[in-house]
Every structure is written in C-alpha cells, then in structure tokens.
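A closer look at the structure
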Number of protein chains: 2
Amino acid sequence: MPRIVMKFGGTSVADLNKIKAVAKRVAREHHAGYEVAVVVSAMSGVTNQLVGYVDGVTQGGNANLADQREYDSVVASGEQVTSGLTALALQEIGLKSRSWQGWQIPIITDNAHGRARILDIDGARLIAALEQGEIPVIAGFQGVAEARRQSTLGRGGSDTSAVAIAHAIKADRCDIFTDVDGVYTTDPRIEPKARKLDRITYEEMLEMASLGAKVLQTRSVELAMKHKVRVQVLSSFEDKPGTLIVNDEEIMEQALVSGIAYSRNEAKITLFAVPDRPGVAAGIFGPLAEAAINVDMIVQNSSVDGKTTDMTFTIDRKDLPKSLDILEKSRAALGVKQIFHAANVSKISVVGVGMRSHAGVAQKMFQTLADKGINIQVITTSEIKVSVLIAEEFTELAVRILHDAYELDKVTSQLE
Amino acid sequence: MPRIVMKFGGTSVADLNKIKAVAKRVAREHHAGYEVAVVVSAMSGVTNQLVGYVDGVTQGGNANLADQREYDSVVASGEQVTSGLTALALQEIGLKSRSWQGWQIPIITDNAHGRARILDIDGARLIAALEQGEIPVIAGFQGVAEARRQSTLGRGGSDTSAVAIAHAIKADRCDIFTDVDGVYTTDPRIEPKARKLDRITYEEMLEMASLGAKVLQTRSVELAMKHKVRVQVLSSFEDKPGTLIVNDEEIMEQALVSGIAYSRNEAKITLFAVPDRPGVAAGIFGPLAEAAINVDMIVQNSSVDGKTTDMTFTIDRKDLPKSLDILEKSRAALGVKQIFHAANVSKISVVGVGMRSHAGVAQKMFQTLADKGINIQVITTSEIKVSVLIAEEFTELAVRILHDAYELDKVTSQLE
C-alpha cells in the first residue's frame, strides 16, 4: 500500500475548524488507499506566546539566555496540543488515530537544545500502527535528547520532522501543506506571469529557498536530498497538486533555468588593497563568524600585482554596523587599506539544473540586465546558479526582464 | 538535610509575576536549609481552555466522549509549560533547577485515562537531583500509562501528585499552597469567629473535606493518611504557617470537636414501606450507581413489624430528577409503597477525633439545635463525626450556634 506523510503548518491548524478540515483532507487520502502519517506544527501564534513566557521569566526578557532544555520543554507543548486534537478530529470522522510525541517514537536528537539535529528515528512503532490501519499524528518540531529531555529542532523544524519521518517509515512521498500552493518561477507579487513549477530538483529548491523564495526550511530540503525523500509542496486551502521536489533523475529533460530568486536584505562590503598572502581570508571572516554574522557571497579577484587584492562580500543588512565595527578593529593588523560599503543592494539569481550542460545562461543574464542599463556590481556562480548584485531600486525590473528572457512563463519540456 | 515538597496550584502560577513569586518562596526554603521539590499545576484557566479545545473537536462538544488518552495528552501540556517556566524562574535567581514531566520520572499510573491512579513512582532520579542541590520542578496532575501514553489524575490531581511525590522521595513534609491559609473550624464566611486550626488529623480532614470544606482533594488526603505523609495547607499569598495534617499520634491531646462542616447541595429521598428482605438495598442503589449518581447518607431503621421498613438517603441536588426517574421505574418491582423527596435540605456535621473517647458530643449537638427550634430530619454517625439533615434555611444559624456550643473559637490543649 502506498504510504505518505502529510505535514500541516501552524496556519493550517490555527483553530478547531482548520484542524477539522485537516482531518477531512487526511481522511480523503486514507480512503484513496494511502497509509498516512500526519505531522503537525503548533497552532499559529502559540509558539510565539510560549517563547514570550520564557522571555518573561528570564534575564532581560531574552529567551536566548534561558536554559535551552527548559525552553524546549515549554515550547514543545504547542505541538503536543495540536497532535492530540488532530488525532481526536480524525477519530471523530471514524478513523483510527493516535498522537505521538517525539519521545514516544522516539525521535532521538543531539543535545543542541533549541536547534537540535535528528540523530535517529525508530520507525518501528509508527510502521506497526500504519499496518494496522491507524493514522499516527506526530508532533512536529520535537525530539528527545540525553537524560530524557525534550528537544526542539528550531524554527520551521516541523518540515524537517516530516521529511525525517518520511525517511524513517519509508514513505513514498512527503506532502508539505503550506499557505502557498507550490514553488514558482519567481515571486508572483513581482511578476504576475510567474508560473507554478510541477517539479523541481532538490538542488534548485535549495538555491531558490536560500535565495529568498522562502517556502520550505532549507534543512528539510537538504535532508530530503540526502535520503532521496520525494517532497511535495502544496496548499492547505486549495485542492490541487503542488510542486514536487525530486531527484533530477525523475525529471525527464531539464529546463535551462527553473526560476529567478532575489534577496533585498543585502549589504555589500568591499575591502580595498588586501595583502595577498595565506591566512588573510581567515583573518577577515573569523571575527565575523565569532559574532554569528552570516556571510553570503564572497568574491575575491586574483591579484594583478601579486601584492594586494580586493575582496567583496555580502551580509544581512541588519548586520552591517556590527560588521563594520569588527572589521575596523582588525583593519590595521590585516593590512587592509580601505573599507567601502553599500547598504542598498539586491541579489538576483538565475537558478537551473539544466545550466550545467548549457553554455550561454550567464551571458543571457548579463546581456538582459545591460540592455536595461542595470549595472552589475558583483558576480558569483555555482554549478546551477548565477547570482549578481545590483542596486536595490532595480530589483523588480530585473526579476521581470529575466523571467521574460528565459521564457519562464511558458511550460517547457521539463514537465512530463 | 530536611526535605520538603512545595505544591502550587493554578492560581499561584497564574501569570509570570506569580511564577517569579513562587520561585522566591521556594528559594527561601532552599536557603533555610531544606531540600525542596516543587509540584505545579497549569496556569489557572489553561486546563479549561485545553478541555474546551477537546470539546470543540469531539462529538457534540463533549470531552467525555473523546479518546481519553488524547484528552490526557492535550491537557497534560498545561503543566508542562508551568514546570518549565518555574524551573527557569528558579535558575534566574541563581538556583539549580530542572523540570520533570510524569514520564521522565516516571510516575506510573493505571490506564484509567482522565482519572488515572498512581501505581508507582520511581523516586531515584529526583532524590539524586536533590542530593546534588538541584530543585526538581514536577508537572503535577500527570503520569505515564501503558504504551508510553501520558495520563492525568483528574481534577485536583496535582494535590495527589504532590503527596505521592513526597512519599516517593521520603520528604519530611508536603506543603500545599492554596488561596486559603489553612483549615478552619468552620466556614469563616458564615462564622467570623471561625479559627484556623494549627493541626488536624487525616481522618478529620477527610470528613471536613468530603463534607464541603473544600481545601484539598480527598484522594490526596487518603493517600497522605495511607503513607503517613505530613501535609501542610497554607496560603501562597501570605507568609505564615498553615494547618498541618498529621497522624493523630502527632497531636498531643485531642479536642473533642475540631470543626463544623456543612453541605447545602443536598436532596433527600425517602422510600416508604420497603419490604424488609435481603437484597432490597442492592435493588435500590444498584440502578443509581449505574447512572453514576453518588449516594451520600443512607439511613435505614430496623423494621418494627418485621415486614417493611423505611429508607432515607441523600444525593447531590442536581441528581434529584434523574434519581426519582430511576426509582419510579423500579418502585413496583421492589415493592416500595411510596417515594417522598425534599430538595431543600442541608447537612451539618460535627467532626472530631476526640469524640471517640467522649460521650455526650452528639447529645450536645441535638440539644443545641433543639434549643433554637431546628428540627433534625435524619441522623447518621461515624466514629469521628455526627451528621444531621436540617431544613436548608437554618444552615448558617446551625453552624454558628454549634461553633459556639463546642467553643471552637477558643484555642484548646490540642495545640502544642
């Protein structure tokens, strides 16, 4: 019997009527002949409320300073409630169901409370339940760490729970129900002609997600890729297929480009005349990493004179003042001549597995932007994407002209 | 090192400021040299909210019809939240603390979900924590049953949790913090001269509690009596000693009478001319028990003619229509001639361990009531109490004149 995991986020279980609707949706798959395991988040707003409680009793109202084990125990209660209610709603319409907390399965995690990683899931109890026609409803986000302490996987962790459960019970597919109905070629708010993709590869999804097309938690996609779990992103409010995230072997013929991603919240820092010697990059980025500042693009040109080079990198805009502060302190020691920065930049990326085997994808991007007089400040490339930094004011224009240039509104042969 | 359990109910942990106040109170005992284990309820209102959720997803909005295992899992989350927050509040003021859920200890219960009974508590982990100077904060109300399912002990179950924990960790005392500051000789709202008792025996407390002086859950007192756990009832808002509930060996000299209890919500049913033959009582009370109607006093006079007798009993007033309905159906088969009933009766009880060894206690009660022209409808007695049924309108008057007659406003030699 085919087996699926259905994961519902906080907005899908936000109140009792929505929970009942979730139960009906699950019942339909059950009656269609699937073995179904359900993963639920907390009711939307509840996790924030619980974090607020932790804030309220801890120093300076900062949950980050709390004992993360207690934080986890408090916050995990949100999923405990929805898992029980969803199991009851399923029973109410005549199905066999029970709730499962992380520790009951168990979902074993490491001890990094608050952002734990799953080490192992024992799928035996869930599989036994499924084979008896029962629908397990699993509290997402939760696991159990050392000394029987409850752990949580961090924000968005329920997606990761769902994928890990799907792997553990050898599910044929993991359906992630969200408030969007799939993955689009670009943001439909910017380009109304944006088209929902039927399929996308894990790699493309990773690039799209980490580049700002926030649909799935990046970790869950990485996990799905690692274990080849087929993931579908679909709407919890509409009844139609979503986007299937699969191995590229499952996609018959690759489109050159699958989508255009963008990220506005970027700031750019350029270090001018950096001594060209071993260890200088480590000297620059070490202090930033220690301050938990996430560096995104890094571009270093080869030195022309063999003595100095220039280095440019991007960071989250909110980290700019702190970053400049840190860099200024080490500037002299590093022998950096000058530091420039710009806060008003956007990153635009063209993503597609197909570009691996096709030249000319990057060139088309550069030409398209040049035709509209948009200056490219920085370029980086990976196997399946090309990213450029441009002035923020051109963001929407760039997205639209690139979407047009690669004809993303047209269905191509990538779709079976 | 002396060891105590401190239990805080829902009103004592109703918000973050109250939780912080609880932490300070616990800290004081800790610094005074006690090993302290804490038991907490859910924030007041939260359990009702969770039960409301269960109601909302189940048939006809009746949580009683729900799968009680899921009900338990949902409802137990309330204590999970407060236990974590209280542990954090203790850490915040520099103490070592961690939260414990029922399954982590574990507190093993039977499978009667929703009203589970504790079978066993493994105190080893808690004792180890205490001996390392840690303050365990235990989620009250919870346990774990078969198949790793969470169970709950029923309303007021946190008192029972606290007493059971106190027994398991061999605590010297179990302090129950409530919104009253102790056990009184009678209800101070009726008799302003009512006096707080320093000590009371388990038996007296059971009679007082089950007779309407609702301070502690009856089950918790039974459990304390069984295992000789010394329990103190005291105020969570005022800083003064409460009432200690102990074995009667701990009370040097017994007062004749410890208190006057009353219960207004009574209804009386009299069966007239019941055939005096074996099995007739079972025939009457069997159908009532099946309908979950709780029968309180039962009085049957010996038959004068050897053929028929009269039988009177009391029930909760709200059960009167249902009871009459049930009795009417079996009346002919039982050979009962007539059924009388009265809804407007009150039960007044005089309670005291000392009356075991003293005659005249009952007589003083009857005389006192007679002096004011209060008619006694029914009398029952046990070893340590005398109860009478009177017209409801005399409730307050009866309580006051009896309180006076036994001089309960005066401190007697029972107090060390």
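Residues numbered from 1 in each chain as written. Chains lettered and ligands numbered in written order. Predicted model: local features only at pLDDT ≥ 70, side-chain atom pairs only at ≥ 80, totals over all residues.

Next up on the list: the overall build of chain A. A count of helical and extended segments in chain A gives 11 helices and 18 strands. Here chain A has a C-alpha radius of gyration of 24 Å; the compact-globule value for 416 residues is 22 Å, and the two agree. If you line up chain A on its principal axes, its C-alpha atoms span 75 × 55 × 35 Å. The buried share of chain A, taken over its 416 residues, is 48%. (Helix = DSSP H or I, 4+ residues; strand = E, 2+ residues; numbered from the N terminus. Rg over C-alpha atoms; globule rule 2.2 N^0.38 Å. Buried ≥ 20, exposed ≤ 12 C-beta atoms within 10 Å, placed from the backbone.)

Counting from both sides, the interface comprises 30 residues of chain B and, opposite them, 30 residues of chain A. Elements with a contribution of two residues or more to the side of chain B that touches chain A: α1 (16–31), α2 (46–57), α3 (68–92) and β3 (97–100) of chain B. Among the elements that take part in the side of chain B that touches chain A, α3(B) stands out by supplying 14 residues, more than any other. Here the side of chain B that touches chain A is built from residues that sort into 13 nonpolar, 10 polar and seven charged. (Contact = placed C-beta atoms within 7 Å. Nonpolar A, V, L, I, M, F, W, Y, C, P; charged D, E, K, R; others polar.)

On to the packing of helix α8 (residues 280–290) of chain B against helix α9 (residues 320–334) of chain B, then. Residues and elements named next belong to chain B. The N-to-C vectors of α8 and α9 enclose an angle of 150°; their axes lie 9 Å apart at closest approach. It follows from the interaxial angle that α8 and α9 lie roughly antiparallel. The hand of the α8/α9 crossing is right-handed. In this structure, α8 uses V280, G283, I284, P287 and L288 to contact α9, whose residues at the interface are S323, I326, S330 and L334. In terms of residue class, the contact of α8 with α9 is made up of six nonpolar, three polar and no charged. (Axes fitted to C-alpha atoms, helices over the stretch in contact; angles between N-to-C directions. Parallel < 35°, antiparallel > 145°, perpendicular 65-115°, else oblique. Left-handed = near helix turned anticlockwise from the far one by under 90°.)

For the pair chain B and chain A, the superposition axis carries a translation of 0.0 Å, the fit reaches an RMSD of 0.0 Å, and the rotation angle comes to 180°. The two molecules are tied by a two-fold rotation axis, judged by turn and shift. Proximity to the rotation axis, assessed at the C-alpha, singles out B:S77 in chain B; its C-alpha lies 2.6 Å from the axis. Both copies present the same face, since 100% of the interface residues in chain B are matched by interface residues at the equivalent positions in chain A. (Least-squares fit on C-alpha atoms with pLDDT ≥ 70 in both.)

One turn of the α-helix equals 3.6 residues, which is why residues spaced by three or four share an orientation. The end-to-end C-alpha distance of helix α2 (residues 46–57) of chain A is 17 Å, a good match for the 16 Å that 12 residues give at a rise of 1.5 Å each. Of all the positions in α2(A), only A:T47, A:L50, A:Y53, A:V54 and A:V57 are classed as buried. Mapping the buried residues of α2(A) onto a view down its axis gives an arc of 115°, with all of them on the same face. In this structure, the buried side of α2(A) is in contact with α3 (68–92) of chain A together with α1 and α3 of chain B. (Expected span 1.5 Å × (residues − 1). Arc of directions from axis to C-beta.)

As a further point, take the sheet that holds strand β13 (residues 259–275) of chain A. Residue and element names in this part refer to chain A. Pairing is antiparallel in the open sheet, where six strands are placed in the order β14-β15-β13-β16-β18-β17. With partners counted over all chains shown, the strands left at the sheet margins are β14 (295–300) and β17 (378–382), one partner each. Mean inter-strand twist for the sheet, computed between neighbouring axes without regard to direction, equals 30°. One ladder, built from 11 bridges, connects β13 with strand β16 (residues 338–351); its direction is antiparallel. (Pairing = 2+ DSSP bridges.)

Our next topic: the pairing of β17(A). All names here are of chain A. The pairing of β17 with strand β18 (residues 385–391) spans five bridges and is antiparallel. Paired with T380 across the two strands is S387, which belongs to β18. Between the end of β17 and the start of β18, which pair antiparallel, lie two residues.

So, on to the sheet that holds strand β10 (residues 199–201) of chain A. Residues and elements named next belong to chain A. Strand order in this open sheet of eight strands is β3-β6-β2-β1-β9-β11-β12-β10, and the pairing throughout is mixed. Each end of this open sheet is capped by a strand with a single partner; those strands are β3 (97–100) and β10. Strand-to-strand twist across the sheet, computed as the mean angle between neighbouring axes with direction ignored, equals 20°. Bridge count between strand β1 (residues 3–8) and strand β2 (residues 35–40): six bridges; the pairing is parallel. In the strand pairing of β2, V5 is matched with A37.

This part takes up the domain arrangement of chain A. Taken domain by domain, chain A holds domain 1 (3–179) and domain 2 (259–405). Placing a centre on the C-alpha atoms of domain 1 of chain A and another on those of domain 2 of chain A gives a separation of 38 Å. (Domains from an automatic or database assignment.)

With that settled, the discussion passes to unusual backbone geometry. Residues A:I105 and A:P106 are joined by a peptide bond in cis, for which omega reads -15°. Phi is positive for A:R148, close to 60°, though the residue is something other than glycine. Tracing the chain through its elements places A:R148 in the loop between β7 (142–144) and β8 (150–152). Notably, B:K228 is not glycine yet its phi reads approximately 50°, a positive angle. Residue placement: B:K228 occurs in the loop between α7 (218–227) and β11 (231–235).

Between helix α1 (residues 16–31) of chain A and α2(B), the least distance of the axes is 10 Å, while the angle of their chain directions is 45°. Considered as vectors, α1(A) and α2(B) are oriented oblique to each other. The two elements α1(A) and α2(B) cross, and the hand of that crossing is right-handed. Across the interface between the two elements, A:L16, A:I19 and A:K20 of α1(A) pack against B:Y53, B:G56 and B:V57 of α2(B).

So, about the pairing of strand β6 (residues 135–139) of chain A. Residues and elements named next belong to chain A. Counting buried residues in β6 gives five out of five residues, a clear majority hidden from the surface. Residues I135, V137 and A139 line one face of β6 and the alternating positions P136 and I138 line the opposite face, and both faces are buried. In terms of strand pairing, β2 meets β6 through three bridges, oriented parallel. Bridging from a neighbouring strand, V40 pairs with A139 of β6. As paired elements, β3 and β6 share four bridges and run parallel to each other.

Bringing the confidence of the model for chain A into the picture now. Looking at chain A, the pLDDT average stands at 90 and 96% of residues meet or exceed 70. For this predicted complex, the interface confidence comes out at an ipTM of 0.79, alongside a pTM of 0.83. (pLDDT = per-residue confidence, 0-100.)

We now examine α9(B). Residues and elements named next belong to chain B. With 15 residues, α9 extends 19 Å between its outermost C-alpha atoms, agreeing within 8% with the 21 Å of an ideal straight helix rising 1.5 Å per residue. Approximately 30° is the largest bend angle found in α9, and it occurs at E328. Of the residues flanking the end of α9, it is G335, one or two places downstream, whose phi is positive at about 75°. (Bend = angle between axes of the 7 residues up to and from the residue.)

Turning our attention to the environment of A:Y34. All names here are of chain A. If you trace the backbone, Y34 turns up in the loop between α1 and β2. Considered as a pair, Y34 and R115 are 81 residues apart in the sequence and their alpha carbons are 32 Å apart. Each residue touching Y34, except ones within four places of it in the same chain, is listed here: P2, R3, I4 and E29.

Let us now look at the environment of A:D67. Mapped onto the elements, A:D67 comes out in the loop between α2 and α3. A count of 21 C-beta atoms within 10 Å places A:D67 in the buried class. Separated by 148 residues in sequence, A:D67 and A:V215 have C-alpha atoms that sit 30 Å apart. Once you skip the residues sitting within four places of it in the chain, A:D67 turns out to touch B:L88 and B:Q91.

Next up on the list: the environment of B:N294. All names here are of chain B. Note on placement: N294 falls in the loop between α8 and β14 (295–300). Distance in space between the C-alpha atoms of N294 and W103 is 33 Å, their sequence separation being 191 residues. Setting aside residues no more than four positions away along its own chain, N294 makes contact with I315 and D316.

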